[in-house]
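# Commentary on secondary and tertiary structure
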Amino acid sequence: MTEQAPPTPVGQGERSTRDLTKASVSGWLGTAMEFMDFQLYSLAAALVFNQIFFPDLNPAVGLIAAMGTYGVGYVARLAGAVYFGRMGDRLGPKKVLFITVALMGVSTTLIGALPTYQQVGLLAPIMLVCLRLAQGFGAGAEIAGATVMLAEYAPARRRGFIASLVCLGTNSGTLAASAIWAVLVFALSEAELLAWGWRIPFLASSVLLLLALWIRHSVKESPVFEQREDIVDGVAMTREELAATAVEKDRSSLEAALHQRKGRAFMIALGLRFGQAGNSGIVQTFLVGYLSATLLMDGSVGTSAIVYGSLLGFVTVPLVGVLGDRFGRRPLYFCLTVASMLFAVPMMMMINSGDVVLVTVAMVVGLNLSVLGLFSVESVTMAELFGARTRFTQLALAKEIGGVLATAIGPVLAATLTAVTGSWWPLAAMIIAYSLITLVSTYLMPEVRGRDLVRLEDAV
């Protein structure tokens, strides 16, 4: 049954429209920066890093190695999810979000200042991996924290729409990174791009970093965090303190949070994450390199398609959010996952036709259907699945474990399978498999639209 959030007590956790606006802009900027950083890197890995940092390898192996450094960041994201997620649940998401955006931004900027393999040899890829690890450590809790903050700020009836702004941040970052690379590929010769052009996007990201830090400094703490029963003087009680308080004051809500069996909500969330994360790794990362390295198409075709798809996403993302508020989370998941599975084979046939128009249409539709649409409904659904006491940690872990298993490994696996088989069918099979996992999870989940986010226990 759908649970409706009770009215907020007067004077407790109150936030004005201006506060909501600040939180929304903060979440949008932070996730925009995270996805711009990672899209800058993924496109660089697909287009130039195999020549800059792995020039002694043949092209196919070099692409696999470059994608491997892309995947390394997702391992660091998992560590960051654990460390910063626990900090956010205990101290509040605001403090964590300031730290994560700083760590991401500085690491990304420094990538643009790295020496190349020709200048310092093996030290170059080693430094690249170190910065990728630092970048991933900060990013591990960024989107989870922004999702928690926006969902906990939003009125229950508009929660899907407002939480979707996080996805617009990811879309904005993807768009900015793809647009920058599209301009560079179009304006510069290959020699200029390899010599110095690739540094421009990373160094320019410092501007967004400063803006994000400035806004996050003035954002108030989550109102749900301030209303939680287990918060004393701005810090969450330990499990022992919580148990003592529940017995002493006969508070059944605290008892429910203490004794609920954990794990089911997390596994459902992990399955929901698989479709979006896996499809993102294929559509947004691997296919860009596949077009140029395997189909020998101009490098601008893939980046331009991602730009067009991201622009359309400014309609897709909020529309899915509004539909989720009106019809519920489960119906949206059912529709999007089934459509993704049905479109997988036609999409790959269109891409392998080599026709620029068909390739562009396939990637635009695939991006909006299988990635951005799922991302929009995913954000609010995960926040509503988890209880307030461990929401940040569980949401971050579900996103990052799904990212490691699907988004990080996916492009490397895709590169290997296409090299071994010489065919496109493994790519379609991977998209179908990812979407099927999410479809099964949707069947198992309860409807969580409008759930009271102050409750400490999970929805299942």
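Residues numbered from 1 in each chain as written. Predicted model: local features only at pLDDT ≥ 70, side-chain atom pairs only at ≥ 80, totals over all residues. Heavy atoms only, no water.

## Quick word on the overall build of the chain
A tally of helices and strands in the chain yields 20 helices and two strands. Counting across all 460 residues of the chain, residues that qualify as buried make up 59%. Contacts in the chain between residues at least 24 apart in sequence constitute 85% of all its contacts with a sequence separation of at least 6. (Helix = DSSP H or I, 4+ residues; strand = E, 2+ residues; numbered from the N terminus. Buried < 20%, exposed > 50% of the residue type's maximum accessible area, 1.4 Å probe, protein only. Contact = heavy atoms within 4.5 Å.)

## What to know about the environment of Ala81
For Ala81, the position within the fold is in helix 3 (residues 59–91). Residues Ala81 and Ala396, spaced 315 residues apart in sequence, show a C-alpha to C-alpha distance of 5.1 Å. Ala81 has contacts with Arg86, Gly140, Ala141, Ala396, Leu397 and Glu400, leaving out every residue within four places of it along the chain.

## Here's the deal with empty space enclosed by the protein
Applying the stated criterion across every chain yields a total of four cavities of 30 Å³ or more. Estimated volume of the second largest cavity: approximately 70 Å³. Looking at the second largest cavity, the residues that line it are Gly88, Asp89, Pro93, Val148, Glu152, Val224, Phe225, Arg228, Ala388, Arg391 and Phe392. Of all the secondary-structure elements, those providing two or more residues to the lining of the second largest cavity are helix 3, helix 7 (142–153), helix 12 (223–227) and helix 19 (391–421). Partitioned by chemical class, the residues of the lining of the second largest cavity number six nonpolar, one polar and four charged. (1 Å grid on protein atoms, 1.4 Å probe; cavity = no way out; pocket = protein on both sides within 12 Å on 5 of 7 lines; lining within 4 Å. Points joined across faces, edges and corners; volume = space filled by probe spheres on them. Nonpolar A, V, L, I, M, F, W, Y, C, P; charged D, E, K, R; others polar.)

## What about unusual backbone geometry?
Positive phi, close to 60°, is recorded for Leu296, a residue that is not glycine. When you line up the elements, Leu296 lands in the loop between helix 15 (264–293) and helix 16 (299–327). Of the residues examined, Leu296 reaches a relative accessible area of 71% and is grouped as exposed.

## Considering the packing of aromatic side chains
Taken as a whole and assessed by the stated rule, the structure comprises six aromatic pairs. With a centroid separation of 6.4 Å and 70° between ring planes, the pair formed by Trp198 and Phe202 is classed as edge-to-face. The class of Phe202 is buried, set by a relative accessible area of 0%. Seen in terms of ring centroids, Phe286 and Tyr290 are 5.7 Å apart; in terms of plane orientation they differ by 35°. Their pairing is tilted. Taken together, the residues Phe286 and Tyr290, both in helix 15 and four residues apart, mark about one turn of the helix. Considered together, Phe286 and Tyr290 belong to a single accessibility category, that of buried residues. Members of the aromatic cluster, connected to one another through ring pairs, are Tyr83, Phe84 and Phe137. (Phe/Tyr/Trp six-rings, centres within 6.5 Å; stacked < 30°, edge-to-face > 60°.)

## Remarks on the pattern of salt bridges
It is possible for side chains bearing opposite charge to pair when their charged atoms get close. If you walk through the whole model with that rule in mind, you get 13 salt bridges. A salt bridge links Arg391 to Glu152, with the shortest nitrogen-to-oxygen separation between them at 2.7 Å. With Arg391 in helix 19 and Glu152 in helix 7, the pair connects residues that are 239 residues apart, well separated along the chain. Overall, Arg391 belongs to the buried group, its relative accessible area being 1%. Relative accessible area serves as the criterion here: at 8%, Glu152 is assigned to the buried category. (Salt bridge = Lys/Arg side-chain N within 4 Å of Asp/Glu carboxyl O.)

## Here's the deal with the side chain of Gln135
When you line up the elements, Gln135 lands in helix 6 (residues 123–139). If we skip the residues at most four places from it in the chain, Gln135 touches Asp37, Phe38, Met104, Ser107, Thr108 and Ile111.

## A closer look at the packing of helix 4 (residues 93–111) against helix 7
For any two helices packed against each other, one specifies the inter-axial angle together with the distance between the axes. Packing of helix 4 against helix 7 leaves a shortest axis separation of 9 Å and a crossing angle of 145°. For the element pair helix 4 and helix 7, the recorded crossing hand is left-handed. Facing helix 4, whose interface residues are Pro93, Lys94, Leu97, Thr100, Val101 and Met104, helix 7 presents Glu142, Gly145, Ala146 and Met149. A class-by-class count of the residues in the contact of helix 4 with helix 7 yields six nonpolar, two polar and two charged. (Axes fitted to C-alpha atoms, helices over the stretch in contact; angles between N-to-C directions. Left-handed = near helix turned anticlockwise from the far one by under 90°.)

## Examining the confidence of the model for the chain
Summarising the model, the chain shows a mean pLDDT of 84, and 89% of its residues fall at 70 or more. Within the chain, the lowest mean pLDDT, 66, falls on helix 14 (residues 252–259), and the highest, 95, falls on helix 17 (residues 329–352). Under a pLDDT of 50 for its full length, residues 1–12 has, in the predicted model, 18 contacts with residues more than four places off or in other chains. (pLDDT = per-residue confidence, 0-100.)

## Re the nonpolar core
Side chains that are nonpolar tend, in soluble globular proteins, to be buried together. Formed by 120 residues in total, the largest nonpolar core has its most connected members in Val48, Phe49, Trp181, Ile351 and Met363. Sorting elements by how many residues they give to this core places helix 15 first, with 15 residues. Not counting the four nearest positions on each side in its chain, Ile351 is found in contact with Leu287, Tyr290, Leu291, Leu295, Val359, Ala362 and Met363. (Core = buried A, V, L, I, M, F, W, Y, C linked by side-chain atoms within 4.5 Å.)

## Here we look at a nonpolar patch on the surface
On the surface, Val120, Leu122, Leu123 and Ile126 cluster together into a nonpolar patch covering about 360 Å² of accessible area. By secondary structure assignment, the location of Leu123 is in helix 6. (Patch = residues over 30% accessible without salt bridge, like charges linked within 9 Å, V, L, I, M, F, W, Y side chains within 5 Å. Areas by Shrake-Rupley, 256 points an atom, 1.4 Å probe, with all protein chains shown as cover.)

## Side note on helix 17
A rise of 1.5 Å per residue sets the reference length of helix 17, with its 24 residues, at 34 Å; its end C-alpha atoms lie 34 Å apart and thus fit the reference within 8%. Residue Phe343 marks the point of greatest curvature in helix 17, where the axis turns by about 40°; the proline Pro346 follows within four residues. Among the residues making up helix 17, those that are buried are Arg329, Leu332, Tyr333, Leu336, Thr337, Ser340, Phe343, Ala344, Met347, Met348, Met350 and Ile351. Contacts made by the buried residues of helix 17 are with helix 8 (159–187), helix 15, helix 16, helix 18 (356–385) and helix 20 (425–444). (Expected span 1.5 Å × (residues − 1). Bend = angle between axes of the 7 residues up to and from the residue.)

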